[in-house]
Amino acid sequence: MVFFIVNPRAGQGMGLRLWEKMKEEGKSLLGEEGFSVFFTEKQGDARLFAREITREINKEVHKEIHREISGENPKEIHKEITGENPKEIPKELHGEYSGERNREAKVVSIEDRICVIGGTGTLNEVIDGAMLDNNSFPISFLPVHRDNDFARALQKGYKIPESLSSLFAKEERKVDYGIVEGERGHRRFVVSVGLGFEAAILQELLSMGCSICPKEKQRIRSKALSYFYAFVKELKRAKKIKGSILLDGEERVEFQHILFLSIHNHPYESGYALGCGASGEDGVLDLCLVSTKKKLRLLYIMFAALFGKHKSLPGVHCYRFKKMEIHLEQEVAFHVDGESLGKQKDLFISCMPGRLRLQI
């Protein structure tokens, strides 16, 4: 059974167009009742869908194991998922729902999996919500853009598969993910976590979605102009703060003028290569920390980061770790995989090596 989680608004509607392109092939490849489709309508839907899908599948697998142990004769290890709506998810959020699974209707045999059609944010929600029981649940990812940060980090010159059959035929990879824990709970991440200046830019851009530039008195429509405006605004507001990091429980480093920290499982984030050298398959995370008395150095550092040439610049400190504690003297802007999550000052971050079974 393949469970499609589709963000129809991803890539300015590209998610819906991509699904419409793949839908007919899905019917012929998997059978009319060999798949289910869930459309997200708001932030958090993909996380909720993934949790309920994996919970139900885990229940069925455990039932089959119990039957095998008790001597009963199960027909298949992949028992059908009935298609009935879980109580926790309102029916209207499910979008299309294919109903009960009919084994005879399946055209090909594909291991139960989630297929994500959307961007990095949608993928993050699915991985954050999924019950990754003993690394047993595979995820296929169909990004809406080929320059997706996650996709291009795993494969240079990445091209979006033209069909579902080509996606499902791809080699499965064992990929790392990270966990960030703070006062407000914990989250998984697949690309990056940011604190300080770069996260503040993201928050400003999100707030500008329907805002008006105070000087021009007109809506900022250009992405480049919007980013430039947010960059300059946050550069003026940026504050240097004291803090420390503890790497793998052994090495403590203190800083007096921290402007931002960027933690990476993959090298790219919003066009920058702040995590240049990060792999996503090496069992460690990469940290880029900027601490300098001169705020204007950020202009040079961020420009150099577009090309991954920032590591040797004054004020830039780079480390690799499996576990890290961050302690700042005051709260700063905070994001996880591009999702703004308010402010934080104390975090614990760790790498979960090779825990994702992924096709992309």
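Each remark here, short or long, concerns the structure printed above.
Notes on the structure follow. Since this is a predicted model, take the numbers as computed values, not measurements. (Residues numbered from 1 in each chain as written. Predicted model: local features only at pLDDT ≥ 70, side-chain atom pairs only at ≥ 80, totals over all residues. Heavy atoms only, no water.)

**Side note on unusual backbone geometry**
Counted only if it meets this: Labels follow the DSSP assignment, with helices taken as runs of H or I lasting at least four residues and strands as runs of E lasting at least two, numbered in each case from the N terminus.
The backbone of Q12 sits at a positive phi, close to 55°, despite the residue not being glycine. With respect to the element layout, Q12 can be found in helix α1 (residues 10-30). Phi angles above zero are rare outside glycine, and S270 is one such case at about 55°. Structurally, S270 can be placed in the loop between β9 (251-264) and β10 (285-291).

**Here's the deal with the packing of aromatic side chains**
Keep this limit in mind: Only centres within 6.5 Å qualify two rings of Phe, Tyr or Trp (six-membered ring in Trp) as a pair; their planes then separate them into stacked at under 30 degrees, edge-to-face at over 60, and tilted for everything else. A simple rule labels every residue: compare its accessible area, found with a 1.4 Å probe on the protein chains alone, to the largest value its type can have, and call it buried under 20%, exposed over 50%, or partly exposed in between.
All chains considered together, the criterion is met by nine aromatic pairs. Consider the rings of Y227 and Y272, whose centres lie 6.3 Å apart with planes at 50°: the pair is tilted. Within this pair, whereas Y227 is found in helix α7 (residues 223-237), its partner Y272 is found in the loop between β9 and β10, the two being separated by 45 residues in sequence. The exposure class of Y227 is partly exposed, given its relative accessible area of 25%. A relative accessible area of 9% means that Y272 is categorised as buried. Here F303 and F307 contribute two aromatic rings whose centre-to-centre distance is 5.5 Å and whose plane-to-plane angle is 70°, an arrangement assigned as edge-to-face.

**Remarks on α1**
Selection criterion: Helix span, as expected, comes to 1.5 Å for every residue beyond the first. Bend is computed residue by residue as the angle between axes fitted to the seven residues ending at the residue and the seven residues starting at it.
Between the first and last C-alpha of α1 there are merely 25 Å, a value that for 21 residues lags more than 12% behind the 30 Å anticipated at 1.5 Å per step. Maximal helix bending in α1 amounts to about 35°, located at M22. What α1 keeps buried is the set A10, G13, G15, L18, W19, M22, K23, E25, G26, L29 and L30. In the segment just after α1, G31 is the residue with positive phi, at about 90°.

**Observations regarding the nonpolar core**
Definition in use: Here the nonpolar core consists of buried residues drawn from Ala, Val, Leu, Ile, Met, Phe, Trp, Tyr and Cys, with membership extended through side-chain atoms lying within 4.5 Å. We call two residues contacting when some pair of their heavy atoms lies within 4.5 Å.
Core analysis: the biggest nonpolar cluster contains 31 residues, and I5, I53, I114, L123, V126 and F150 have the highest contact counts within it. For this core, the secondary-structure elements that each account for two or more residues are β1 (2-6), α2 (45-70), β3 (113-118), α3 (120-129), β4 (138-143), α4 (149-154), β5 (173-182) and β13 (339-359). Counting residues per element, this core draws most heavily on α2, which supplies five residues. The contact partners of F150, leaving out residues within four places of it in the chain, are T120, L123, F141, V175, V190, V191, H266, L358 and I360. Among the nonpolar cores identified, the runner-up in size contains 26 residues, and L261, I263, L289 and L328 belong to it.

**Brief notes about the pairing of strand β2 (residues 35-39)**
Keep this limit in mind: Strand pairing is assigned whenever DSSP detects at least two bridges linking the two strands. The handedness rule is simple: strands pointing away from the viewer, and a clockwise path from the first strand over the helix to the second, make the crossover right-handed.
The buried fraction of β2 is high, at five of five residues. Relative to β2, β1 is paired through five bridges, and the arrangement is parallel. Among the inter-strand pairings, I5 is bridged to a residue of β2, identified as F38. At this point the chain moves from β1, through α1, to the parallel β2, and the crossover so formed is right-handed.

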